[in-house]
Amino acid sequence: MTKQLIVGLALCLSVYSQSHAQDNAATAQARKVNYLVTIDSDIKMKKAGKTNALKVRTRVHYSNIQLSEKIEVRLKKLWVQSDANKREVIFFELSKDVLKIRDAGELIEIKPGEEEELNEVFASFSKPAGTVTLDKNGAEVSRQASQEDNDFIGFNSILRNTRWFHPRHPIEKTWTETREFDMGEGRSIKGPITFTKLNKKNAKGHTEIKLSGIMTKKAAKTETATYSNVKYVFEGSQSFDEKRKIWVNGITKVKFSCQVLTAKGLFDTSGTMHLKLKIEKPGEKDTKPLKAADPQKKPGQNTKAKKSTYSYKMRLKTDLTLVVGKQQIHLSTPSQFSYQNTVSNDKRIVQLNEIVVSIVNNKKQTMYIKMNKDVYKAREGEKKHDFTYENASEIIRDILYSMFRVPIATITVDKTGRELKRKLAKDSRSPVKLSGMILNVRWFHAPFLDKKTWTETRTFDMGKGGGLTGPLTFTKQDKKDAQGNTVVKVTGTIKKDKAQTQRGTLSNIVYVFEGTQSFDEKRKIWVSGITKVNVAYEMKTTTFTMKTTGTMTLKLSMAKAK
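Calculation rules
Residues numbered from 1 in each chain as written. Predicted model: local features only at pLDDT ≥ 70, side-chain atom pairs only at ≥ 80, totals over all residues. Heavy atoms only, no water. Helix = DSSP H or I, 4+ residues; strand = E, 2+ residues; numbered from the N terminus. Contact = heavy atoms within 4.5 Å. Areas by Shrake-Rupley, 256 points an atom, 1.4 Å probe, with all protein chains shown as cover. Pairing = 2+ DSSP bridges. Core = buried A, V, L, I, M, F, W, Y, C linked by side-chain atoms within 4.5 Å. Buried < 20%, exposed > 50% of the residue type's maximum accessible area, 1.4 Å probe, protein only. Salt bridge = Lys/Arg side-chain N within 4 Å of Asp/Glu carboxyl O. 1 Å grid on protein atoms, 1.4 Å probe; cavity = no way out; pocket = protein on both sides within 12 Å on 5 of 7 lines; lining within 4 Å. Points joined across faces, edges and corners; volume = space filled by probe spheres on them. Phe/Tyr/Trp six-rings, centres within 6.5 Å; stacked < 30°, edge-to-face > 60°. Lys NZ or Arg CZ within 6 Å of the ring centre and 35° of its normal. Polar contact = N/O pair within 3.5 Å; in protein donor to acceptor, adjacent residues only side chain to side chain.

**Student:** Lay out the overall build of the chain with the relevant residues and their values.
**Tutor:** Looking only at helices and strands, one finds five helices and 29 strands in the chain. Expressed as a percentage of contacts within the chain between residues at least 6 apart in sequence, the contacts between residues at least 24 apart total 56%. Carbon together with sulfur atoms contributes 50% to the accessible area of the chain, which is approximately 28800 Å² in total.

This is the structure in structure tokens:
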């Protein structure tokens, strides 16, 4: 609930900012006006004596273009950061050129064209967010969003809140207006705000206006919570340029309190919001870019560690003899997996680059598949398929997208590299299961301990949904390899009486492992390895029983580090 509330607040705050923007431009005369709105919120949520402290910081850069009596609003940049109990939980920066998201200490940058699902988000910066129509006194006549809300931009909320810093033009000494303030998650509150002109102009000759007021609401309901006993207290000042007929800056302090009922219980919520508006001069840049705080350091995590991406190739050659009755089949499957690990603190993000799989049956190739983010090639008997991502069918595009255009997994590890948690990517469009794929590309990335010898439980992919798990022994060798890396010998035998796969029931399973791996102690990564596996098992299906023996050889090599 806390994260949902933060997201709602963050979006609502960016909404505020843009709302201010639109109003300012509304009174600007036949030209583009650039604005910056900053919003800082401090929130406390109490339940049963426990308090959660939330902070939300929002910065919105945008332009208002006045076209006759209408104002066209265009976004330039959104910047949102939120902390819960002094630990960062959300950070993103979004413009037409880049989306930056930090998750658990790792900053990810995505540019237009790299993620198909974000193309519309980037494109929204090249279109008007919406329009506002004003009368001659600057009062709003109508507003209309020109785009639909998306995960990052709430266009309807933006337009709903464009009036906060822009009431009608100051004519009387004192006047009262009913104003609407956005509360996030589709909620808003309305009430009277009193505006009073001060007798003196400011240093730039602008009219100074003070504002104050109280808004209350008995209840408001969203999809995730019910709000009751809502109270907002407003106090601030604004400056109005009588010559250009526009509000040029402002500051509003808001104290709020309410009760929030969620699935987790009833929270007493209170806090403050500070909203600031300024006009940016033509060509002016954000000379003081905001620096997002690092997330709170976790035990065993170095938050200052830099993100590094390492590319690998793993070659897998299988030579098996399959015996069904009196028939004997020799099966070979030379394959190659190209992938990369992005290392940052305690996270390993796994991205597939290419897969090449070949099946040779009694020395005759019966199947060949090559896939990467741009190409799908397949041969099976006389059938041939050769597609690019652009001209492939929807199902092929979905396979290429989910396997190669987004990470397939995020692995959480401890300081030795031992896996603590594995989160596989989930894409409802793709028919490909990633559980076996991740076993292949994680095989050589075992923990590395500060010991001469240690034992680790490892899982080896048996294909078709089967995995074989058991202990292997890792022993450091006395000599380094040619590059000065530590060489580790890996041995072990894993046995299992039975295992169920999609092909049938396996029994009398024996896998014997022997190999070596090289570890770069400076970069804390495995850089090469070879594993030979002697295989023996029986498989029983509804139609036949088959005995299988043979070998599998896996080789790991490393490409250049990025």
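**Student:** Can you lay out the pairing of strand β8 (residues 140-145) for me, pointing to particular residues and giving the numbers?
**Tutor:** Bridging between strand β7 (residues 130-134) and β8 involves five bridges; their strand directions are antiparallel. Looking at β8, one finds that Val132 is bridged to Arg143. Where β7 folds back onto β8 in an antiparallel hairpin, the turn is made up of five residues, including Gly138, whose phi is positive at roughly 85°.

**Student:** Break down the nonpolar core for me, with residues and values.
**Tutor:** Ranked by size, the top nonpolar core spans 62 residues in total, and within it Leu352, Tyr511 and Leu554 carry the most contacts. With residues up to four places along the chain from it excluded, the contact list for Leu554 reads Met314, Arg315, Leu316, Trp443, Phe444, Phe460, Gly529, Ile530, Thr531 and Val533. In terms of nonpolar packing, the next biggest core, distinct from the first, is built from 55 residues, Ile90, Phe125, Phe256 and Met273 among them.

**Student:** Explain the pattern of salt bridges to me, using residue names and the numbers behind them.
**Tutor:** According to the stated counting rule, one finds 21 salt bridges in the structure shown. The closest approach of N and O atoms between Lys452 and Asp478, which form a salt bridge, is 2.9 Å. With Lys452 in the loop between α5 (435-442) and β24 (453-463) and Asp478 in strand β25 (residues 466-480), the pair connects residues that are 26 residues apart, well separated along the chain. If you follow the salt bridges from partner to partner, you end up with Arg168, Glu172 and Glu177 in one network.

**Student:** Give a description of empty space enclosed by the protein that names residues and reports values.
**Tutor:** Over the atoms rolls a probe the size of a water molecule, and its path tells where empty space is left. Counted under the stated rule, the structure contains four cavities of 30 Å³ or more. Quantified by volume, the second largest cavity comes out at close to 40 Å³. Lining the second largest cavity, in full, are Trp443, Arg458, Leu472, Phe474, Val490, Gln517 and Thr531.

**Student:** Before we move on, could you go through the packing of aromatic side chains and cite the residues and values that matter?
**Tutor:** The description of two aromatic rings rests on the distance between their centres and on the angle between their planes. Under the counting rule described, the total for this entry stands at 22 aromatic pairs. Both rings, one in Phe181 and one in Phe234, keep their centres 5.1 Å apart while their planes meet at 70°; by these two values the pair is edge-to-face. Here the residue Phe181 occupies a position in strand β9 (residues 174-184), and Phe234 occupies one in strand β12 (residues 226-241), the gap between them amounting to 53 residues. For the pair shown, Phe181 and Phe234 are each scored as buried. With a centroid separation of 3.9 Å and an interplanar angle of 5°, the aromatic rings of Phe448 and Phe519 are classed as stacked. Taken as a pair, Phe448 in the loop between α5 and β24 and Phe519 in strand β27 (residues 505-520) lie far apart in primary sequence, 71 residues in all. Each member of the pair, Phe448 as well as Phe519, carries the same accessibility label: buried. By way of ring pairs, the aromatic residues Trp164, Phe181, Tyr232, Phe234 and Phe256 are connected into one cluster. Cation over ring: Arg405 sits above Tyr389, and NZ or CZ is 3.6 Å from the ring centre. For Arg458, the ring lying beneath its charged end belongs to Trp443, and the centroid distance is 5.7 Å.

**Student:** Residue-level account of the side chain of Ser188, with values.
**Tutor:** Counting through the fold element by element, Ser188 comes out in strand β10 (residues 187-201). Side chain to side chain, Ser188 and Glu180 meet in a polar contact 2.8 Å long. With residues near it in sequence (within four places) discarded, Ser188 still touches Arg160, Glu180, Phe181, Asp182, Met183 and Lys217.

**Student:** So, the pairing of strand β18 (residues 347-361): which residues are in play, and what are the values?
**Tutor:** Judged by how many residues are buried, β18 sits mostly within the fold: eleven of 15 residues are covered. Note: strand β16 (residues 327-332) against β18, two bridges, orientation antiparallel. If you follow Leu331 over to β18, its bridge partner there is Asn361. As paired elements, strand β17 (residues 335-344) and β18 share ten bridges and run antiparallel to each other. If you follow Ser338 over to β18, its bridge partner there is Glu354. Hairpin connection, β17 to β18: the antiparallel pair is bridged by two residues, and Asn345 has positive phi, about 55°. Bridge count between β18 and strand β22 (residues 409-413): four bridges; the pairing is antiparallel. Its bridge partner lying in β22, Arg348 is registered against Ile411. Relative to strand β19 (residues 364-372), β18 runs antiparallel, the two being bridged by eight bridges.

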